[in-house]
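Below, each chain spelled out in residue letters.
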Amino acid sequence: MYHQGAQAYQQTARKTESPRDREANLLSRAAANFQLIVDAWETKQDSLNEALLFNRRIWNIFLTSVTREDNPLPAPVRQNIANLGLFVMNETRELHMEPAKAKLTTLININRQLAAGLRGTGD
């Protein structure tokens, strides 16, 4: 019963949230996934690849969007997002090859800061 209620809420939330809110929520979710792994590094490393894949998918969407000719953002903003996205993709690749808490913390901070910016909170 609870599961059906949660699904109904999620479907309604998806219809009413703005694209910026959706992006912020996805980034926050990715950061939370990473934080769980960092907090229990010794026992949660087996979840790392799944968390990295989720984050990579989000950033792939951002990169695809900002490199489109019809993207309405100013060119310098688009370039900054693209540069950040390439950095995130590189860090992700390196984490796949050699897991490290410090690099994961970097991705957590990037996702949280960008989510805060999208929400307009600056936290």
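Residues numbered from 1 in each chain as written. Predicted model: local features only at pLDDT ≥ 70, side-chain atom pairs only at ≥ 80, totals over all residues. Heavy atoms only, no water.

### Brief notes about the nonpolar core
- Counting residues in hydrophobic clusters, the biggest one holds 27 residues, and the most contacted among them are Leu-27, Phe-34, Trp-59 and Leu-104.
- Where this core is concerned, the elements lending two or more residues are helix H2 (19-39), helix H4 (48-66), helix H5 (75-97) and helix H6 (101-119).
- It is H4 that provides the largest number of residues to this core, a total of nine residues.
- When sequence neighbours within four positions are dropped, the list of residues in contact with Phe-34 reads Ala-51, Leu-52, Asn-55, Leu-104, Leu-107, Ile-108 and Asn-111. (Core = buried A, V, L, I, M, F, W, Y, C linked by side-chain atoms within 4.5 Å. Buried < 20%, exposed > 50% of the residue type's maximum accessible area, 1.4 Å probe, protein only. Helix = DSSP H or I, 4+ residues; strand = E, 2+ residues; numbered from the N terminus. Contact = heavy atoms within 4.5 Å.)

### Some thoughts on the side chain of Glu-91
- Looking at the element boundaries, Glu-91 is found in helix H5.
- Setting aside residues up to four positions removed in sequence, Glu-91 forms contacts with Lys-103 and Leu-107.

### Looking at the pattern of salt bridges
- Counted under the stated rule, the structure contains four salt bridges.
- Across the pair Lys-103 and Glu-94 runs a salt bridge, and its minimum N-O distance is 2.3 Å.
- Taken together, the shared-partner salt bridges in this structure form one network comprising Glu-91, Glu-94 and Lys-103. (Salt bridge = Lys/Arg side-chain N within 4 Å of Asp/Glu carboxyl O.)

### Some remarks on the packing of aromatic side chains
- Under the criterion given, the structure shown has one aromatic pair.
- Arranged with centres 5.2 Å apart and planes meeting at 90 degrees, the rings of Trp-59 and Phe-62 form a pair that is edge-to-face. Here the residue Trp-59 and the residue Phe-62 both occupy positions in helix H4, the gap between them amounting to three residues, near one helical turn. (Phe/Tyr/Trp six-rings, centres within 6.5 Å; stacked < 30°, edge-to-face > 60°.)

### Let's talk about the packing of H5 against H6
- At a closest axis distance of 10 Å, the pairing of H5 and H6 adopts a crossing angle of 150 degrees. Of the possible angle classes, the one that applies to H5 and H6 is roughly antiparallel. For the pair H5 and H6, the crossing hand works out as left-handed. Of H6, the residues touching H5 (which contributes Leu-84, Phe-87, Val-88, Glu-91, Thr-92, Glu-94 and Leu-95) are Lys-103, Leu-104, Thr-106, Leu-107 and Ile-110.
- Its residues assigned to classes, the contact of H5 with H6 shows seven nonpolar, two polar and three charged. (Axes fitted to C-alpha atoms, helices over the stretch in contact; angles between N-to-C directions. Parallel < 35°, antiparallel > 145°, perpendicular 65-115°, else oblique. Left-handed = near helix turned anticlockwise from the far one by under 90°. Nonpolar A, V, L, I, M, F, W, Y, C, P; charged D, E, K, R; others polar.)

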